[in-house]
Amino acid sequence: MIRHIFKTSTWNPTEREWLRAANTLSEPERERISQFMYKRDAKQSMAGRLMMRSCFAQLSGETPESFHLSRDESGKPYIVDPSPSLSSLSFNVSHAGDYAAFAASTTAKIGVDVMKVELRRNTSVQQFFSHMKRQFTDFEWQKIRSPATDRGKLVNFYRHWCLKESYVKAIGTGLKFGLQRIQFDLGDLENGICKSTTVSVDGVLDLNWKFEEIFQDNHFVTIAMGNVEFSPEDRASVKLLNFSDLVVSEDPLSDKFYFASFDEKKELP
């Protein structure tokens, strides 16, 4: 099983890095990334695509630029005509805030989500929660609201939301699946990691699902894994990657304008 995160906010790609990265992708992928208005979003999307292709290359022995990717009806990416070594691969990618995350397995259903703990401008915690009332069960709201501080409540909210997103991504339904049908019972975060949270679906505890939660730099990264044997004591799991860890094209894209158009963007709104 592969679990990788990439801190995009501290990645300031050189011209050669960006053009090597771009040459690893297909033309539609490059075009999609070029449409982002801000560097933050372009870097997040690029990092997610590179982590996917790097994983495929490492598992199959093929070059990272050789894979043809498409999306299913729910928007989840998949490999078109995968080689036998990748035919059973389940994978998922997510990005938000400062991080992109990727997870993959040949034996388990996989979903991953990233959330930054933050409150929209000019919105109180109570106003924010009122808009999300139908997304959680009474049991979950009790847990979310249990801390004495608004900060604690917000942390619990995003922790639950990240768990729900990772689960529905893994089962392939997206948010069409009724979120009140899913109820999480949180385990304890120890040194920013939890692997003991459980889920009940339609009121029935489902022990076939395991969850790995990481709280780092004010972000939750949550990986949902279905039908997998998982040891809560195993702490060596998620790996923080740098650009040099990725398998990308050795040759840069010849179109230097692709970097120039990226480099002139603002980092953030």
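Before any of the text, the structure's been laid out above.
Conventions we followed
- Residues numbered from 1 in each chain as written.
- Predicted model: local features only at pLDDT ≥ 70, side-chain atom pairs only at ≥ 80, totals over all residues.
- Heavy atoms only, no water.
- Buried < 20%, exposed > 50% of the residue type's maximum accessible area, 1.4 Å probe, protein only.
- Helix = DSSP H or I, 4+ residues; strand = E, 2+ residues; numbered from the N terminus.
- Arc of directions from axis to C-beta.
- Contact = heavy atoms within 4.5 Å.
- 1 Å grid on protein atoms, 1.4 Å probe; cavity = no way out; pocket = protein on both sides within 12 Å on 5 of 7 lines; lining within 4 Å.
- Points joined across faces, edges and corners; volume = space filled by probe spheres on them.
- Nonpolar A, V, L, I, M, F, W, Y, C, P; charged D, E, K, R; others polar.

Moving on to helix H2 (residues 27-34). Taken residue by residue, H2 has Glu-29, Arg-30 and Ile-33 as its buried positions. Along H2, the residues classed as buried sweep out an arc of 100° about the axis, all on the same side. Looking at the buried positions of H2, the neighbouring elements they touch are helix H1 (15-24), helix H3 (39-60), strand E2 (69-71) and helix H7 (257-263).

Before going further, it helps to spend a moment on the layout of surface pockets. Gaps left between atoms show up when a probe the size of a water molecule is rolled over them. Here the largest pocket defines a volume of roughly 570 Å³. Surrounding the largest pocket, 22 residues form its lining, Ala-96, Gly-97, Lys-116, Glu-118 and Tyr-158 being those nearest its centre. Only H3, strand E6 (109-116), helix H4 (125-131) and helix H6 (150-171) provide two or more residues apiece to the lining of the largest pocket. Each residue belonging to the lining of the largest pocket can be placed in one class, and the counts come to 10 nonpolar, 5 polar and 7 charged. Approximately 300 Å³ is the volume attributed to the second largest pocket. Lining the second largest pocket are 19 residues, and of these Arg-71, Gly-75, Lys-76, Pro-77 and Val-93 sit closest to its centre. Looking at the lining of the second largest pocket, the elements with two or more residues in it are H3, strand E4 (90-96) and H6. In terms of residue count, H3 provides more of the lining of the second largest pocket than any other element does, 4 residues in total. Here the residues of the lining of the second largest pocket are counted per class, giving 5 nonpolar, 9 polar and 5 charged.

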